[in-house]
Amino acid sequence: MKKSLFAICYFFIFHSIIAQSQLNADVNELNIQVEQAFETEPLEKLVLIAEKAWEKAQGISPIDTNYLISLSNISTIYSELNRFEEAKPLAIKSVEAYKNYYGQDSPFYAYALSELSRIYRQIGYIEEALEQYQEVISIFKKSGGDNSYDYALSLNDISSIYKDLNRFEEAEQYLLEAKSIFETNIKLRMGEYATILNNLALLYDKMQRFEEAEQLYLKMSTIDEKELGETHPYYIIGLNNIA
């Protein structure tokens, strides 16, 4: 009788492990499809794959990387589609999941936190967005140093939040620090550097510091012409800003 009971338990455990393994493989395959299609497929098609992945992922362990990736994907895509009411609870869940898995000093946790901050900003929770992003900056500075790519971009992002709050001097300081990082580290991407110059120029326009803004637009257009070409929309927009 004991052997029979043991055999039954073993049978169910074995098949449960097999089923979990197959489910995990299915989620992984769907996550790969989402990643591969992100740059080529419309969001309306992409969200269907991400929803299927997330539906299946809820059947696997919440401390599995495939669970984390599918959760992050679906919250990000909902946000890109302006479906913020659906994105918000998933982004909150993602923040907690990444924190539990990687710890609160991890860049992966910071990425999840920055996505939640972006959603808060979009729905008008500006103070909450600022609080989240202050933590993001602290993590990136601690993990990568104050000359890292992620830290520089986080400075650019938080400046936009300060601009929303009409705290222009603080926004300027963050952008100037980001600009300095890119200027002293040639390994960082020129496209993002041009974005920072553009954001600083727009801020100076807002502050009616037009001559400083014009100099930044000129510098940005030179970068865009070199990196993108004279026919690229960003280069043309830059020329219009100068005019």
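Throughout, residues of each chain are indexed from 1 in the direction in which the sequence is written. Selection of residues for local features in this predicted model requires a pLDDT of at least 70, selection of side-chain atom pairs for listing and counting requires 80 or more, and totals for whole chains, interfaces and linings are taken over all residues. Only hydrogens and water are set aside; all other atoms, that is, all heavy atoms of the structure, feed into the side-chain values.

Asks: Tell me about helix H7 (residues 149–164), and please be specific about residues and values.
Replies: Think of an α-helix as 3.6 residues a turn; residues three or four steps apart then line up on the same face. Under the scheme used here, helices are H or I runs from DSSP no shorter than 4 residues and strands are E runs no shorter than 2 residues, and both carry numbers assigned from the N terminus. The span you would expect from a helix comes to 1.5 Å times its residue count less one. Under the 1.5 Å per step criterion, the end-to-end length of H7 is 24 Å for 16 residues, consistent within 8% with the ideal 22 Å. Of all 16 residues in H7, 12 are buried; the element is thus mostly enclosed. Here H7 has its buried residues at Tyr 149, Tyr 151, Ala 152, Leu 153, Ser 154, Leu 155, Asn 156, Ile 158, Ser 159, Ser 160, Ile 161 and Tyr 162. Pairs of N or O atoms within 3.5 Å make up the polar contacts considered here, provided that, within protein, one atom can donate a hydrogen while the other can accept it, and that residues adjacent in sequence are counted only when both atoms are side-chain atoms. Capping of H7 at its N-terminal end is provided by Ser 148; its side-chain oxygen lies 3.2 Å from the backbone amide nitrogen of Tyr 151. Positive backbone phi, approximately 60 degrees, marks Asn 166, located one or two places after H7. Burial status follows relative accessibility: with a 1.4 Å probe on protein chains alone, a residue under 20% of its type maximum counts as buried, one over 50% as exposed, and anything between as partly exposed.

Asks: Could you give an account of the packing of aromatic side chains, naming the residues involved and the relevant values?
Replies: Think of it this way: a Phe, Tyr or Trp ring, Trp meaning its six-membered ring, pairs with another when their centres are within 6.5 Å, and the plane angle makes it stacked under 30 degrees, edge-to-face over 60, tilted otherwise. Under the counting rule described, the total for this entry stands at nine aromatic pairs. Summarising the aromatic geometry, the rings of Tyr 101 and Tyr 102 are spaced 4.7 Å apart at their centres and angled 75 degrees between planes, so their arrangement reads as edge-to-face. A residue is classified by how much of its surface remains accessible, and Tyr 101, at 36% relative accessible area, is partly exposed. The structure contains a cluster of three or more aromatic residues connected by ring pairs, namely Tyr 98, Tyr 101, Tyr 102, Phe 108, Tyr 111 and Phe 140.

Asks: Tell me about helix H6 (residues 126–144), and name the residues and values.
Replies: Spanning 19 residues, H6 covers 26 Å between terminal C-alpha atoms, matching the ideal 27 Å at 1.5 Å per step. All of the buried residues in H6 are Ile 126, Ala 129, Leu 130, Gln 132, Tyr 133, Val 136, Ile 137, Ile 139 and Phe 140. Should any heavy atoms of two residues lie within 4.5 Å, those residues are counted as being in contact. Elements in contact with the buried residues of H6: helix H5 (107–122), H7 and helix H8 (168–184). Downstream of H6 by one or two residues, Gly 145 has phi in the positive range, about 90 degrees.

Asks: Can you lay out a negative patch on the surface for me, pointing to particular residues and giving the numbers?
Replies: Patch membership requires over 30% relative accessible area and the absence of a salt bridge. Like charges are linked within 9 Å, and nonpolar side chains (Val, Leu, Ile, Met, Phe, Trp, Tyr) within 5 Å. A 1.4 Å probe and the Shrake-Rupley method give the accessible areas. Residues count as covered only by the protein chains that appear here. By salt bridge we mean one thing: a side-chain nitrogen of Lys or Arg within 4 Å of a carboxyl oxygen of Asp or Glu. Residues scored as charged are limited to Lys and Arg (positive) and Asp and Glu (negative), so that His and the chain ends carry no count. A charge is said to be at NZ when it belongs to Lys, at CZ for Arg, at CG for Asp and at CD for Glu. On the surface, a cluster of negative charge is made up of Glu 127, Glu 128, Glu 131 and Glu 135. Structurally, the position occupied by Glu 131 is in helix H6.

Asks: Just give me the short version of the pattern of salt bridges, but keep the residues and values in it.
Replies: Applying the stated criterion across every chain, the model contains 12 salt bridges. Between Lys 45 and Glu 41 there is a salt bridge; the shortest N-O distance is 3.6 Å. Taking relative accessible area as the criterion, Glu 41 reaches 31% and is therefore assigned partly exposed. Linking Arg 209 and Glu 212 is a salt bridge whose minimum nitrogen-to-oxygen distance equals 2.8 Å.

Asks: Can you tell me about the side chain of Asn 31, naming the residues and giving the values?
Replies: By secondary structure assignment, the location of Asn 31 is in helix H1 (residues 2–37). From its side chain, Asn 31 meets the backbone oxygen of Asn 66 in a polar contact 3.2 Å long. Contact partners of Asn 31, with chain neighbours within four places excluded, come to Ala 53, Asn 66, Ile 69, Ser 70 and Asn 73.

Asks: Go over the packing of helix H3 (residues 65–80) against H5, please, and point to the residues and values.
Replies: Helix axes are fitted to C-alpha atoms over the stretch in contact, other axes to C-alpha atoms as well, and angles between N-to-C directions run from 0 to 180 degrees. Where H3 contacts H5, the two axes come as close as 11 Å, and the packing angle between them is 25 degrees. Relative to H5, the element H3 lies roughly parallel. Every pair of crossing elements has a handedness; the one defined by H3 and H5 is left-handed. Where H3 approaches H5, its residues Ser 75, Thr 76, Ser 79 and Glu 80 are matched on the opposing element by Glu 115, Arg 118 and Ile 119. Throughout, the ten residues Ala, Val, Leu, Ile, Met, Phe, Trp, Tyr, Cys and Pro are labelled nonpolar, Asp, Glu, Lys and Arg are labelled charged, and all others, Gly among them, are labelled polar. Tallied by class, residues from the contact of H3 with H5 come to one nonpolar, three polar and three charged. The cut-offs work like this: below 35 degrees is roughly parallel, past 145 is roughly antiparallel, 65 to 115 is roughly perpendicular, and the gaps in between are oblique. A clockwise turn of the near helix away from the far one marks a right-handed crossing, whereas an anticlockwise turn of less than a right angle marks a left-handed crossing.

Asks: Can you lay out unusual backbone geometry for me, pointing to particular residues and giving the numbers?
Replies: If you check the backbone angles, Asn 82 has positive phi at about 65 degrees while not being a glycine. With respect to the helices, strands and loops of the structure, Asn 82 is situated in the loop between H3 and helix H4 (84–102). At Asn 166, a residue that is not glycine, the phi angle is positive and equals roughly 60 degrees. The residue Asn 166 is located in the loop between H7 and H8 in this model. Overall, Asn 166 belongs to the exposed group, its relative accessible area being 53%.

Asks: How would you summarise the environment of Asn 31 if you had to cite specific residues and measurements?
Replies: Classification of Asn 31 as buried rests on a relative accessible area of 5%. The sequence separation of Asn 31 and Ile 69 amounts to 38 residues, and the corresponding C-alpha distance is 7.1 Å.

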